[in-house]
Amino acid sequence: MSLSQSFRKEFTTQALVLIPVGIVLNIVVGQLASALKLPIFLDSIGTMLVALLVGPWAGALTGFLGNLIWGLITDPVAAPFALVALIIGLVTGLLARAGLFKRWWQALLSGVIVTLALAPVAILVRAYLFGGVTGSGADFITGYLLKVGQDLFGAVVVTVIASNLVDKVITALLAWGIVKYLPKRFTARYHGAERVVG
Amino acid sequence: MDSELPTLFKPGRSWLHDRYPLTKLTYAGCLVVAGFAAPGLSAWLLLGALTLPLAASAHLARPLLRALLWTLAPLAAALVVVQGLFNPANHTVLLAWGGLALGQEGLAYALTVLGRLANALGGSLLFLYTTHPGRLMTALQQRGLPPGLTYLIISTLQLLPLMRRRARQTWAAQQARGLRTQGSLPTRLRALLPMVVPLVLGALLDTEERALALEGRGFSLPGRRTSLLAEQDTASDRRLRLALLVGAALVVIAGWLR
C-alpha cells in the first residue's frame, strides 16, 4: 500500500470524529494531572489513544493539530512542540501496527521507544528556540545540571529524557489499558484496535 | 454556539478587524520568521515598531501587553536564572551576590531569546484578537482547505468547554463517593484512574452518534462545498500580503549574508 493510500484509508468519518476528542482529552486530562499535582503531564493520552484506535497518521495529526490549537488559545509555549506531539502519535501508531502494543510489558517498552523518538526534536526546540527553559518545573533540573558544570545542550538532553520517560511510559500503559477495556462493539469500528486487542 | 467557543477573538470595529483573515495570518507568519532570522535584539524592534502600534490602532494594546507579560514572565524568570547565572559563556560579571554571579553574555542571550518569543507571540496574538475563527475557516476553505480539516478545528473548539464541564462533574462525583484528591503522591496517583477512565470512556463512546449524524448529512461526499458566507479578498489586502512576504524574505536574506 502506498503512502498516500494508507493516509487516505485512515481518514474515515469514524476517524475524523475521534481526532477532536483525542485533542480535547490531551488538554483536559493534562489539566487533571496538574490539578492532582502529579509530577507527570499525561497530555498525550488522547494522541496515543487515536494512534492505537485508528493509526499512525491520525495519531500524528491529533498531536500536531492539538498542540497548535492549544498554543493558539492558551499556552503559546505549546505551539513549537507540535512537532514533538506529531512524533508521539506517529511512532505510537507504527509501534501498534508492528504488534508492539498487545501486552502490558510491550506497552511499557513502547513508551520508552516513543521517548527516545521524540527526544531529538524536543531537545532541539527546547535548547535553541527557548534557550533551555520552558517555564515549567523541569527547568530546575536544567538549572541544577548547569550549576554542576554540564553544558547547556547536555543539561537539556538529560532534562528532556528524564521528564518524558516516566510520563510516556505511564501514558502508553494507560492508553493500552483503556483500549483493552473499551467494549468490543466500539473497538470493532476501528481497524487499529484489532492489533491491540488481538 | 459561538459565544461558547474558547477563542481569543475580541469583537470590535477597526481597520485591522476588517482585513481579510489570511492577510493577518500572513502578518503573524512573516513576523515569526523575521524575528528568528533577525540578529540579536532586533526582534524587540519588530514588536515595538509594528505589532504594538497596530494593536493600539485597534484599541488592543492593553490586553496584548497584559497577555505578553503573563505568558512571558515565568519564561523570563527561568531564562535569567538558567542563562544569566549558569551559562558557561559568562565571563563579564554584572552583579555578584553570595556564590552567584549574573553574567552579561548569558543575560544578553536570555534577552535575545525572550525578544524572539515576545515578537512571535505578539504577532500571533494580534492575528487571533482581531480574527473571528469562523471567518478564518471560511477563508481557508475557499482557498481549498479540505472540509474534514475545517471540521476538526471547529469541532475541537466546541468540544473543549463541554469536556471541561464533564471533567468537573467527574471530579465532584468521585469526591462525593469519598475519593481522596489530596495527600501523599501515592494517594493522588490512586485518584488518577477513577478520574480519567470515566472521562475518557464517556468521551470515546459519544463519538458513535456524531459519526452517524455526519454520515447522514453527506459529510464524506467528494467535491467542493458551497459556503453560505463568503470572505472578500481585496486588492489592498493582496498588496499588503506581498509587501509582508517581501519584507520577511529580505530580513531572512540579510540574516544569511551577515
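The coordinates are above.
This is a predicted model, so every value here is computed, not measured.

Q: How should I be thinking about the overall build of chain A in this particular structure?
A: Assigned secondary structure in chain A consists of ten helices and zero strands. For chain A, whose C-alpha radius of gyration is 17 Å, the value lies close to the compact-globule estimate of 16 Å for 198 residues. Projected onto the principal axes, the alpha-carbon positions of chain A cover approximately 55 × 35 × 35 Å. For chain A, restricting intrachain contacts to residue pairs at least 6 apart in sequence, the fraction spanning at least 24 positions comes to 66%. When the accessible surface of chain A is split by element, carbon and sulfur atoms take 69% of a total near 7800 Å². Of note, chain A has its 14 positive side-chain charges centred 13 Å away from the centre of its 7 negative side-chain charges.

Q: Is there a simple way to think about the interface of chain A and chain B in this case?
A: Often, the extent of an interface is quoted as the loss of accessible area upon association of its parts. Of the residues lining the interface, 56 residues belong to chain A; the matching set on chain B comes to 57 residues. Here chain A packs against chain B, burying approximately 4900 Å² in sum over the two surfaces, 82% of which is carbon and sulfur. Remark: the boundary between chain A and chain B carries two salt bridges. Residue B:Glu208 pairs with A:Arg189 through a salt bridge whose shortest N-O separation is 3.9 Å.

Q: Got a minute to help me understand the packing of aromatic side chains in this structure?
A: How two aromatic rings sit relative to each other is set out by the distance from centre to centre and by the angle between their planes. With the rule as written, the count across this model stands at four aromatic pairs over all chains. Measuring from ring centre to ring centre gives 5.8 Å for A:Phe81 and A:Phe130, while their planes differ by 5°; the resulting arrangement is stacked. Linking A:Phe81 in the loop between helix H4 (56-73) and helix H5 (82-97) with A:Phe130 in the loop between helix H6 (104-129) and helix H7 (139-147), this pair joins segments that are 49 residues apart in sequence. Each member of the pair, A:Phe81 together with A:Phe130, is buried. On the basis of an interplanar angle of 65° and a centroid distance of 5.3 Å, the ring pair of B:Tyr151 and B:Phe219 is categorised as edge-to-face.

Q: Mind showing me how you'd approach the pairing of strand S1 (residues 93-97) of chain B here?
A: Every other side chain in a regular strand lies on the same face of the sheet, so the side chains alternate between the two faces. All names here are of chain B. Counting buried positions over the five residues of S1 gives zero, only a small fraction of the element. With four bridges connecting them, S1 and strand S2 (residues 100-103) associate as antiparallel partners. Following the sheet pairing, Trp 97 is matched in S2 by Leu 100. A loop of two residues connects S1 with S2, the two strands running antiparallel in sequence, and Gly 98 in this loop sits at a positive phi of about 60°.

Q: Sorry, what's going on with a positive patch on the surface here?
A: On the surface, A:Lys9, A:Lys102, A:Arg103, A:Lys180, A:Lys184 and A:Arg195 cluster together into a positively charged patch. Turning to its location among the elements, A:Lys180 is positioned in helix H8 (residues 152-181).

How each quantity is defined
Residues numbered from 1 in each chain as written. Chains lettered and ligands numbered in written order. Predicted model: local features only at pLDDT ≥ 70, side-chain atom pairs only at ≥ 80, totals over all residues. Heavy atoms only, no water. Helix = DSSP H or I, 4+ residues; strand = E, 2+ residues; numbered from the N terminus. Rg over C-alpha atoms; globule rule 2.2 N^0.38 Å. Contact = heavy atoms within 4.5 Å. Areas by Shrake-Rupley, 256 points an atom, 1.4 Å probe, with all protein chains shown as cover. Lys, Arg positive; Asp, Glu negative; His and termini not counted. Charge placed at Lys NZ, Arg CZ, Asp CG, Glu CD. Buried area = accessible area lost by both parts, 1.4 Å probe. Salt bridge = Lys/Arg side-chain N within 4 Å of Asp/Glu carboxyl O. Phe/Tyr/Trp six-rings, centres within 6.5 Å; stacked < 30°, edge-to-face > 60°. Buried < 20%, exposed > 50% of the residue type's maximum accessible area, 1.4 Å probe, protein only. Pairing = 2+ DSSP bridges. Patch = residues over 30% accessible without salt bridge, like charges linked within 9 Å, V, L, I, M, F, W, Y side chains within 5 Å.

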